[in-house]
Amino acid sequence: MANITLGPSAHVDTFTRDNLPPFDMWPEILLDRPEFQYPDYLNAAVELTDRNVERGFGDRVALIGNGRRRTYKELTDWTNRLAHALVENYGVKPGNRVLIRSGNNPALVAVWLAATKVGAVVVNTMPMLRAGELSQIVDKAEISLALCDSRIADELIACAKTSKFLKQVVNFDGTSNHDAELDRIALDKPVTFEAVKTGRDDVALLGFTSGTTGEPKATMHFHRDLLIIADGYAREVLKVTENDVFVGSPPLAFTFGLGGLAIFPLRFGATATLLENASPPSMIQIIETYKATICFTAPTAYRAMLAAMDKGADLSSLRIAVSAGETLPGPVFEEWTAKAKVPILDGIGSTEMLHIFISNRIGDARPATTGKPLTGYVAKIVDKDMNEVERGSYGWLAVRGPVGCRYLADKRQANYVHDGWNVTGDTFMQDADGYFHFVARADDMIVSAGYNIAGPEVEAALLAHADVAECAVVAQADVERGSVVAAFIVLRSGVTGDEACRKMLQDHVKAVIAPYKYPRAVHFVETLPKTQTGKIQRFRLR
């Protein structure tokens, strides 16, 4: 796609623009629709805060979380004070990468917006990541400053001690007390801030995705991309208005969560409710208390909500349920539609594409389908040579649209983008009516309760234990979670594969990598099935 030209940049630290893929490896970007036309200079954070005050929404509630409601005026003032602190006290320059580590709470949203206002490139990270995993992210993005919820700073401080790049970890208060270093410094700052005039094609966000090797890839998203997902999916499919109240479980560290629980509500002057513990009972309580209208979560949580409705839970305020993270089983679609009488919309998105690009619609949702491409996107099913296959045949899903995959300095760009198309690595089928159907993941990713877990990463953690001789990790079907991580382990001679050994190895994995990645099923075996060349045949274990 050699005809690409990028707009002006405000980045004095040019690291991200310097590390974009070569233009001929980009997917074709489709920006011809009027809703995706933006001025040369655009700061997404200003559009989500100050602009809402200008629209007369200053007194409307923007964020609810940790026992407090914040209006758009309060959020705008808060982010402007933080922005002053980042520039004046911590020397953040446009284009610097800033890592943020926090659970889902209003402070995380405020810090993310402030860093975006000063022209930084934000890297949101999962609270569960360990020091080793954080180090990979810090090294890849060459991050020198991290902002962290003071309650979970330990792993990040451990990362900084040995890091070549990470020089400063600054704490903020994730509760409502504003009692940490960054909050105290921001308190005396002015409530107005002249945001950096970033270019619409300046990188605003690096979304990290582990891929199958466990070595993280950083997906690069521009300021315009952050608005495109709202001006596309949220406007067209969800039809968001300022009267909507959002609730959901995905972490804001995932682009799916950042879109659904921050960008979408703030783009339209609506309200976001944020939960650090987004269990189904917690979400039900939020829906009942604040009359939430749009819910984002995985099918497992909708199953739990259906059970709660049988016991009297009142979810009548909902007007849309969005299901993602794993494919929505037909029976859950049928039961939800019958019992909740609310549309449940399955869709597919990816970190590379930032958010959902194929979706069911209100009034046009079918069980066991992923739906049709959003307006402005095109999709097709292709074979290994990129030829479109017949309707009803299986193949790879290929998509083009106003956003697309751009990996930060990564040779794996060539694996995702072919002939200007984003090829997601998922096997799909398109039926005679044009609806897309998910078939299977074509790699070693395990999707468990909405989390993507790379099998080889779990294998590496297990192999680090002295008692493990060999192991292989695959997905095992599970009624509650869709799939769970299943480990087949060959123990060293003299080690007994009993319940105590099973628990010890599970605890070991939780200590080495993020705890949600641990193998819930552990099978001790004498040997692993292999090819003649010694390659483990994981398909036989599945």
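Residues numbered from 1 in each chain as written. Predicted model: local features only at pLDDT ≥ 70, side-chain atom pairs only at ≥ 80, totals over all residues. Heavy atoms only, no water.

Draft legend 1. Quick peek at the nonpolar core. Residues Trp112, Leu182, Leu238 and Phe264 are the most contacted members of the largest nonpolar core, which totals 91 residues. Once residues lying within four places of it in the same chain are set aside, the contact partners of Leu182 are Leu82, Ala85, Leu86, Tyr90, Val111, Leu147, Val170, Asn171 and Phe172. In terms of nonpolar packing, the next biggest core, distinct from the first, is built from 51 residues, Ile4, Met220, Ala461 and Cys501 among them. (Core = buried A, V, L, I, M, F, W, Y, C linked by side-chain atoms within 4.5 Å. Buried < 20%, exposed > 50% of the residue type's maximum accessible area, 1.4 Å probe, protein only. Contact = heavy atoms within 4.5 Å.)

Draft legend 2. Highlighting helix H9 (residues 223–238). Given a rise of 1.5 Å per residue, 16 residues ought to cover 22 Å, and the 22 Å separating the end C-alpha atoms of H9 matches this to within 8%. H9 sits mainly inside the fold: 14 of its 16 residues count as buried. Residue Lys239 follows H9 closely and has a positive phi angle near 50°. (Helix = DSSP H or I, 4+ residues; strand = E, 2+ residues; numbered from the N terminus. Expected span 1.5 Å × (residues − 1).)

Draft legend 3. Spotlight on the sheet that holds strand E9 (residues 245–248). One open sheet accounts for nine strands, arranged E2-E1-E10-E9-E11-E12-E13-E14-E15; its pairing is mixed. Each of the sheet's edge strands pairs with one partner strand only, and the pair in question is strand E2 (68–71) and strand E15 (372–373). Here strand E13 (residues 344–349) pairs with strand E14 (residues 356–359) via three bridges, running antiparallel. Directly across from Ile348, in E14, lies its bridge partner Ile358. This element, helix H4 (residues 72–88), spans strand E1 (61–65) and E2 of the sheet and lies at about 85° to E2. Relative to the sheet, helix H10 (residues 255–267) contacts E1, E9, strand E10 (271–273), strand E11 (294–297) and E14, its axis offset from that of E9 by approximately 170°. (Pairing = 2+ DSSP bridges. Axes fitted to C-alpha atoms, helices over the stretch in contact; angles between N-to-C directions.)

Draft legend 4. Structural context of the pattern of salt bridges. In total, this model carries 35 salt bridges according to the counting rule given. Between Asp77 and Lys73 there is a salt bridge whose closest N-O contact spans 2.7 Å. With a gap of four residues between them, Asp77 and Lys73 both fall in helix H4, about one helical turn apart. Given a relative accessible area of 15%, Asp77 falls into the buried group. (Salt bridge = Lys/Arg side-chain N within 4 Å of Asp/Glu carboxyl O.)

Draft legend 5. Summary view of the packing of helix H6 (residues 131–141) against helix H7 (residues 154–162). Remark: H6 packs on H7, axes separated minimally by 8 Å, with the N-to-C direction vectors making an angle of 60°. When the axis of H6 is compared with that of H7, the two are oblique. Here H6 runs over H7; the crossing is right-handed. Each of Ala131, Leu134, Ser135 and Val138 in H6 lies in contact with H7, whose residues at this interface are Glu155, Leu156, Ala158 and Cys159. (Parallel < 35°, antiparallel > 145°, perpendicular 65-115°, else oblique. Left-handed = near helix turned anticlockwise from the far one by under 90°.)

Nothing here speaks to function; it is all geometry.
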